[in-house]
Amino acid sequence: CMGYIFLLNAFVVLIRATEVIEIFYDVLALQFVQQLDDIAFSLAKMDALGVAMRKACMSKCFHTEFDRKQFKRNRVMSIVLKAVYFINLGCLLAGMSLVTLHQINGEYQRSSITVDFGSEIWEEALINLPKKQYEKWVWMYPDFKNYFTSDQYEQATLVYSFFNGVYERDPTVMHAGRPVYKERRKFDSTPFEHTVPAEIKYC
């Protein structure tokens with residue numbers, strides 16, 4: 001019974017936590033509460049909490065020695081205990097498999113993130129343009145190459161605040177097995193219609 005209560009407590013701690021550090025703090029708090037009983041017992045044995053507490057902790061609880069039950073003689077009880085063990089193992093494996101499957105499908109990932117790069121400015125930054133976009137601009141404007149230090153790299157001033165805002169996860173696109181977040185409009189957080197949005201992805 002105590003084992004089930006412990007598993008239920010651990011499960012509640014896990015589902016209520018929103019960050020990994022919160023799980024660490026919760027487990028640390030549970031461990032501290034668990035050790036309070038041992039600390040109080042040790043203090044009582046050292047007579048720090050009074051003579052009555054020391055006698056209560058040092059006195060024998062049982063004066064009769066109990067014989068160990070032999071479950072091998074009771075075949076039904078042995079089968080029941082083994083069945084309970086395998087049922088618990090099956091439930092744990094099934095729950096772990098379900099959580100792992102959800103993680104692979106990205107169901108626990110955030111649907112949107114809010115980014116704030118501040119108001120810094122990077123002068124003479126090298127911007128890498130996609131190959132298709134670079135060829136399109138060169139075809140439309142032949143002098144476009146003069147603004148580049150090398151192929152597909154443009155030297156320009158990069159204003160970080162332009163990329164502040166809300167980025168929502170695109171469920172149709174994955175990069176290296178990780179989600180891709182695309183920029184939304186600043187005023188209503190809706191998708192861009194004509195402008196190519198900025199992306200945040202694993203590199």
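Parameters and conventions
Counting starts from 1 at the beginning of each chain's written sequence and moves along it residue by residue. pLDDT decides what is reported in this predicted model: residues at 70 or higher carry local features, side-chain atom pairs at 80 or more are listed and counted, and totals for whole chains, interfaces and linings draw on all residues regardless. With hydrogens and water stripped out, all remaining heavy atoms of the structure feed into the side-chain values. A run of H or I in DSSP counts as a helix once it spans at least four residues, and a run of E counts as a strand once it spans at least two, with each numbered from the N terminus. Relative accessibility under 20% of the residue-type maximum defines a buried residue, over 50% an exposed one, and the middle range a partly exposed one, all with a 1.4 Å probe and only protein chains included. In what follows, a contact means two residues having at least one pair of non-hydrogen atoms within 4.5 Å. Paired strands, as defined in this entry, are two strands with at least two bridges between them according to DSSP. Pairing of aromatic rings covers Phe, Tyr and Trp, the last through its six-membered ring, and needs centres within 6.5 Å; plane angles under 30 degrees mean stacked, over 60 mean edge-to-face, and all others mean tilted. Note on definitions: salt bridges are taken to be side-chain nitrogens of Lys or Arg within 4 Å of carboxyl oxygens of Asp or Glu. For helices, the fitted line uses only the C-alpha atoms of the stretch in contact; every axis is such a line through C-alpha atoms, and the angle between N-to-C directions lies from 0 to 180 degrees. Here the word oblique covers every angle except those under 35 degrees (roughly parallel), over 145 (roughly antiparallel) and from 65 to 115 (roughly perpendicular). Each residue is assigned to one class: nonpolar for Ala, Val, Leu, Ile, Met, Phe, Trp, Tyr, Cys and Pro, charged for Asp, Glu, Lys and Arg, and polar for all the others, Gly among them. In summary, the charge assignment counts Lys and Arg as positive and Asp and Glu as negative, without counting His or the chain termini. A 3.5 Å cut-off defines polar contacts: any pair of N or O atoms within that distance qualifies, except that in protein one atom must be a possible hydrogen donor and the other a possible acceptor, and neighbouring residues in sequence count only when both atoms are side-chain atoms.

(A) Region of interest: the overall build of the protein. Scanning the protein from terminus to terminus reveals five helices and seven strands. Written out in order from the N terminus, the α and β elements of the protein read α-α-α-α-β-β-α-β-β-β-β-β. Out of the 203 residues belonging to the protein, those deemed buried represent 12%. Contacts spanning at least 24 positions in sequence make up 48% of the contacts within the protein whose residues lie at least 6 apart.

(B) Highlighting the sheet that holds strand E7 (residues 199-200). Ordered by their spatial adjacency, four strands build an open sheet running E1-E5-E6-E7, and the pairing between neighbours is antiparallel. Each edge of the sheet is formed by a strand with only one pairing partner; in this case those strands are strand E1 (112-115) and E7. In this structure, E1 lies alongside strand E5 (residues 165-175), joined through four bridges in antiparallel fashion. Counterpart to Val115 in the pairing with E5 is Gly165.

(C) How the structure looks around the environment of Ala125. You can see Ala125 is positioned in strand E2 (residues 121-128). Taking the C-alpha atoms as reference points, Ala125 and Leu158, separated by 33 residues in sequence, lie 6.2 Å from one another.

(D) Region of interest: the packing of aromatic side chains. As enumerated under the stated definition, the model contains three aromatic pairs in all. Consider the rings of Phe24 and Tyr25, whose centres lie 5.9 Å apart with planes at 55 degrees: the pair is tilted. Overall, the relative accessible area of 49% leaves Phe24 in the partly exposed class. Summarising the aromatic geometry, the rings of Phe117 and Tyr160 are spaced 6.5 Å apart at their centres and angled 45 degrees between planes, so their arrangement reads as tilted. Highlighted residues: Phe117 in the loop between E1 and E2 and Tyr160 in the loop between strand E4 (153-159) and E5, separated in sequence by 43 residues. Residue class for Phe117 comes out partly exposed when judged on its relative accessible area of 42%.

(E) Spatial organisation of the pattern of salt bridges. One pass over the full model with this rule turns up four salt bridges. Via salt bridges that share partners, Asp170, Lys182 and Glu199 belong to a single interconnected network.

(F) Spatial organisation of the environment of Phe24. Within the secondary structure, Phe24 is located in helix H2 (residues 20-45). Put simply, Phe24 and Val13 are eleven residues apart on the chain and 10.0 Å apart in space, counted from C-alpha to C-alpha.

(G) Inspection of the pairing of E5 at higher detail. As defined by bridge partners, E5 adjoins strand E6 (residues 178-183) across five bridges and the pair is classed as antiparallel. When the bridges of E6 are listed, Tyr167 appears paired with Glu183. Where E5 folds back onto E6 in an antiparallel hairpin, the turn is made up of two residues, including Ala176, whose phi is positive at roughly 55 degrees.

(H) Here's a closer look at the pairing of E6. Relative to E7, E6 runs antiparallel, the two being bridged by two bridges. In the sheet register, Tyr181 faces E7, and the bridge partner there is Ile200.

(I) Just the packing of H2 against helix H3 (residues 51-58), in detail. Across the interface, H2 lies against H3 with an axial gap of 8 Å and an inter-helix angle of 110 degrees. Here H2 is positioned roughly perpendicular relative to H3, judged by the angle of their axes. On the side of H2, the interface is formed by Phe41, Ala44 and Lys45, while H3 contributes Met53, Arg54, Cys57 and Met58. For the contact of H2 with H3, the per-class residue count stands at five nonpolar, no polar and two charged.

(J) The side chain of Arg169, seen in detail. Note that Arg169 resides in strand E5. Here Arg169 sits buried without a salt bridge, and the closest side chain of opposite charge, Asp170, lies 8.2 Å off (N-O distance). A polar contact of 3.2 Å, which involves the side chain of Arg169, links it to the side chain of Gln109. In this view, Arg169 contacts Asn105, Gly106, Gln109, Arg110, Ser111, Met174, Pro179, Val180 and Tyr181; residues no more than four positions away in its chain are not counted.

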